[in-house]
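Tertiary structure, described
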Amino acid sequence: MTLSVNDRIQLTPAKTCSPSLAADPWKFDPVPGYGPGSSQADPVPEPAVHPGQLPAAYRQMPEDELHRRILAAKAQLGDELVILGHFYQRDEVVQHADFLGDSFQLAKAALSRPEARSIVFCGVHFMAETADILSRGDQRVILPNLAAGCSMADMADEDSVESAWEEICEVYGADPQNVRPGADGKLPVLPVTYMNSSAALKAFCGRHGGIVCTSSNAEAVLEWAFERAHRVLFFPDQHLGRNTAKAMGVPLEQMPIWNPRRPLGGNTEQQLVEARVLLWHGFCSVHRRFTVAQIDQARAEHPGCRVIVHPECPMPVVDAADAAGSTDAIRKYVAASSPGEVIAIGTEINLVNRLAAEYPDRTIFCLDPVICPCSTMYRIHPGYLAWVLDELVEGRAPNQITVNAEVAEPARVALDRMLAAVPK
Ligand code: SF4
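A quick note: this is a predicted structure, and the numbers were derived from the prediction, not measured.

Okay, the nonpolar core next. Generally speaking, a soluble globular protein has its nonpolar side chains buried in company with each other. Membership of the largest hydrophobic core comes to 127 residues, with the highest contact counts inside it found for Leu84, Ile119, Phe121, Val192, Ile211 and Val232. If one sorts the elements of this core by residue count, helix H18 (residues 382-393) sits on top with seven residues.

Structural data, given as structure tokens:
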């Protein structure tokens, strides 16, 4: 029997990336610092259970009883309910999902179930926000645990991006509220946000001629941006921005880092004038762990093995791998491999383990020997899922994620630009 990541963490806490993962989940959930991880304008859900306050009955319930309750509630709610599970979500939750995918695939999957009134998103906060933006007005999006934020998304908050934009525009002699094209028809700068950001930052892009990208379409989105602007301010993930722009031939010296805690982001005016991509100082705590040494070790232990990593990994890791791609690309890479092949993967461990289970005739393993799930997504324990479903059965809709219209509308503009730039 294959052990789930949760079981492996409980059995070998010393081999996990954070000792808090092995602790009682109700102690782990109220870890401060993430807050709701949402746009500042999002209304606080009402009713809501705050992290660590899950009713005692759900905290004490044995796991088989939680699963029985989840199944019973699903049966009772029928087509009114759709449960979305992210690729990085734990198996104990994913087994109840109607759809499994990346954040954007899931937001679109919800649209294929118009009869579903309640969309329970077993991912993190920015994903629930995106689903709310794309969903119909009579649908409601529920995040089972409000502490399920994204550490990367939290690295670019609205105030820091707004003040960076003002500084940048001043260097380029532009009005930050109304950046106009120059004589050549191009804007001096245009914002691009990764999907892994708050709705407020998607709205910021919508208002300033910018666009959203995913890890699957970042190159096409940057092409779109370079047709319209001399430079791009790319946030929050420096690694996706750098890896993508480098593959497009942008020299590293034209990709300065923007550190929001330093004047001019830690750059000189000359560096900003010469820049093509300003990279926000953000990263994913899961993908940043992968190293070239791990790749070397995998190749030494499995001569002839192939290595694929996610583009949120640091550039030297992407350069040392045989391939880099989004979760979807990684899945396709494994599907296209042959029985007997050995594939080392640099991405979140739940996804890697699921691929290993799906293709038992291949050797598939995670490059990182330490068990390191997306710790914020891991906060959606089956207890929270059982609780929200029971509440829905009772006619209540807790932990509802709502993006205000003044944020949702410009955010949708930036998402629509992406869909128009990269038609699927
Ligand atoms: S894996 Fe990284 S980027 Fe993705 S949700 Fe988790 S912290 Fe955020």
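As far as domains go, the protein holds domain 1 (24-150 + 377-404), domain 2 (156-282) and domain 3 (287-366). Of the residues in the side of domain 1 that touches domain 3, the class split is two nonpolar, one polar and three charged.

The four strands are arranged E2-E1-E3-E4 in an open sheet whose pairing can be described as parallel. Looking at the sheet topology across the chains shown, the edges are occupied by strand E2 (99-101) and strand E4 (140-142). Adjacent strand axes in the sheet meet at a mean angle of 25° when their direction is disregarded. The sheet contact formed by strand E1 (residues 81-86) and strand E3 (residues 118-122) spans five bridges and is parallel. By the bridge assignment for E3, leucine 81 is matched with serine 118.

What follows concerns the pairing of strand E12 (residues 342-346). With four of five residues buried, E12 lies mostly within the body of the structure. Where strand E10 (residues 306-309) and E12 come together, four bridges link them in parallel fashion. Bridged to isoleucine 308 within E12 is isoleucine 345. Pairing geometry for E12 and strand E13 (residues 363-366), over four bridges, is parallel. Note on E13: the bridge partner recorded for alanine 344 is phenylalanine 365. Once you follow E12 into helix H17 (residues 349-358) and on to E13, the crossover reads as right-handed.

Before going further, it helps to examine the site of the ligand. If you check the shell around the ligand, you find 13 residues, and the closest are Cys150, Met152, Cys284, Val286 and Cys374. Among the residues forming the shell around the ligand, the class breakdown is eight nonpolar, four polar and one charged.

A few words now on the sheet that holds E13. Sheets are built from strands that pair by backbone hydrogen bonding, the pairs being arranged parallel or antiparallel. Pairing is parallel across the open sheet formed by four strands, whose spatial order is E11-E10-E12-E13. Sheet topology places strand E11 (323-324) and E13 at the edges, where each strand pairs with a single neighbour.

One turn of the α-helix equals 3.6 residues, which is why residues spaced by three or four share an orientation. Helix H7 (residues 125-134) sits mainly inside the fold: nine of its 10 residues count as buried. Those residues of H7 not exposed but buried are His125, Phe126, Met127, Ala128, Glu129, Thr130, Ala131, Asp132 and Ile133.

Further remarks concern unusual backbone geometry. Note that the residue after phenylalanine 235, namely proline 236, is joined by a cis bond; omega there is -10°. Within the element layout of this structure, proline 236 appears in the loop between strand E7 (232-235) and helix H12 (238-247). With a phi angle near 50°, leucine 264 is a residue other than glycine that sits in the positive phi range. Overall, leucine 264 belongs to the partly exposed group, with 17 C-beta atoms counted inside 10 Å. Positive phi values are uncommon outside glycine, yet asparagine 399 reaches one of about 50°. Residue asparagine 399 is classed as buried on the basis of its 26 C-beta neighbours within 10 Å.

Here is what the cut-offs are and how they apply
Residues numbered from 1 in each chain as written. Predicted model: local features only at pLDDT ≥ 70, side-chain atom pairs only at ≥ 80, totals over all residues. Core = buried A, V, L, I, M, F, W, Y, C linked by C-beta atoms within 7 Å. Buried ≥ 20, exposed ≤ 12 C-beta atoms within 10 Å, placed from the backbone. Helix = DSSP H or I, 4+ residues; strand = E, 2+ residues; numbered from the N terminus. Domains from an automatic or database assignment. Nonpolar A, V, L, I, M, F, W, Y, C, P; charged D, E, K, R; others polar. Pairing = 2+ DSSP bridges. Axes fitted to C-alpha atoms, helices over the stretch in contact; angles between N-to-C directions. Right-handed = clockwise from strand over helix to strand, strands pointing away. Near = placed C-beta within 6 Å.

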